[in-house]
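# What the coordinates show
Here are the chains, one letter per residue:
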Amino acid sequence: KQEVTQIPAALSVPEGENLVLNCSFTDSAIYNLQWFRQDPGKGLTSLLLIQSSQREQTSGRLNASLDKSSGRSTLYIAASQPGDSATYLCAGPRNRDDKIIFGKGTRLHILP
Amino acid sequence: NAGVTQTPKFQVLKTGQSMTLQCAQDMNHEYMSWYRQDPGMGLRLIHYSVGAGITDQGEVPNGYNVSRSTTEDFPLRLLSAAPSQTSVYFCASRKGRWGTNEKLFFGSGTQLSVL
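This write-up is about the structure you can find in this document.

Right, let's get into the overall build of chain A. The helix and strand tally for chain A stands at zero helices and eleven strands. In sequence order, the secondary structure elements of chain A are arranged as β-β-β-β-β-β-β-β-β-β-β. Here chain A has a C-alpha radius of gyration of 13 Å; the compact-globule value for 112 residues is 13 Å, and the two agree. Its C-alpha atoms give chain A principal-axis dimensions of roughly 45 × 25 × 20 Å. Out of the 112 residues in chain A, the part that is buried amounts to 48%. Relative to all contacts within chain A whose residues are 6 or more apart in sequence, the contacts with residues 24 or more apart total 55%. Of the roughly 5,200 Å² that chain A leaves accessible, carbon and sulfur atoms contribute 46%. Side-chain charges of chain A comprise 12 positive and 10 negative groups, with the mean position of each set lying 5 Å from the other.

Below is the structure:
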């Protein structure tokens, strides 16, 4: 059974700092991994999708990596801004499995 | 492009009542799914569908029914609502199955309270 863990559950950092959010999965047969952002009371917005054949994916100040052998993915946010405050979630399907399982998320607060 | 549309946005039910949460997508997506989100529990998969006429159970299927008669629609039915089903429900869709590297898109959610 695939389990996805995100550590830490919450994080507060001053504006301007670079930061890393972590996502671990128990089954290395994960096919791809997607990072989402959720603002309070809102739905989920897709940030980055790392395909099974990729190791990294970048969009603006965001960079996500995937290491299937170690069962880990990281989301790197450069030069953090107060508008980055949100909950960040990771999710992915296993090989040959259509169930997409989510971590519980990391609640990020950027201090002005 | 509307994307994934969920209705209603808010709903209050009494224990034992039934209702259907609606989900529609206009992107011709093959894969659709329902999640519930509870504080401290994260998002948990209820049911999913890989095409019209094909549905399967997720992590927490008890108390919920689904059907997929068209590609566009994937309603979630609560046959006899219980207070434990108080939650925020999200519908999501994706173009293809596990072997495709396509993003999962979410609706804006339905906040359900069962009294």
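So much for the structure itself; the text now carries on.
This brings us to the interface of chain B and chain A. The interface of chain B with chain A comprises 25 residues on the first partner and 25 residues on the second. Taking both partners together, chain B and chain A bury about 2,100 Å²; carbon and sulfur atoms supply 56% of that area. Here chain B and chain A share six residue pairs in polar contact (both at pLDDT 80 or more) between them. When residues of the side of chain B that touches chain A are traced back to their parent elements, those giving at least two are strand 4 (31-38), strand 5 (42-51) and strand 9 (87-94) of chain B. Tallying contributions element by element places strand 5 of chain B first for the side of chain B that touches chain A, with five residues. Partitioned by chemical class, the residues of the side of chain B that touches chain A number eleven nonpolar, nine polar and five charged.

Definitions and limits used
- Residues numbered from 1 in each chain as written.
- Chains lettered and ligands numbered in written order.
- Predicted model: local features only at pLDDT ≥ 70, side-chain atom pairs only at ≥ 80, totals over all residues.
- Heavy atoms only, no water.
- Helix = DSSP H or I, 4+ residues; strand = E, 2+ residues; numbered from the N terminus.
- Rg over C-alpha atoms; globule rule 2.2 N^0.38 Å.
- Buried < 20%, exposed > 50% of the residue type's maximum accessible area, 1.4 Å probe, protein only.
- Contact = heavy atoms within 4.5 Å.
- Areas by Shrake-Rupley, 256 points an atom, 1.4 Å probe, with all protein chains shown as cover.
- Lys, Arg positive; Asp, Glu negative; His and termini not counted.
- Charge placed at Lys NZ, Arg CZ, Asp CG, Glu CD.
- Buried area = accessible area lost by both parts, 1.4 Å probe.
- Polar contact = N/O pair within 3.5 Å; in protein donor to acceptor, adjacent residues only side chain to side chain.
- Nonpolar A, V, L, I, M, F, W, Y, C, P; charged D, E, K, R; others polar.

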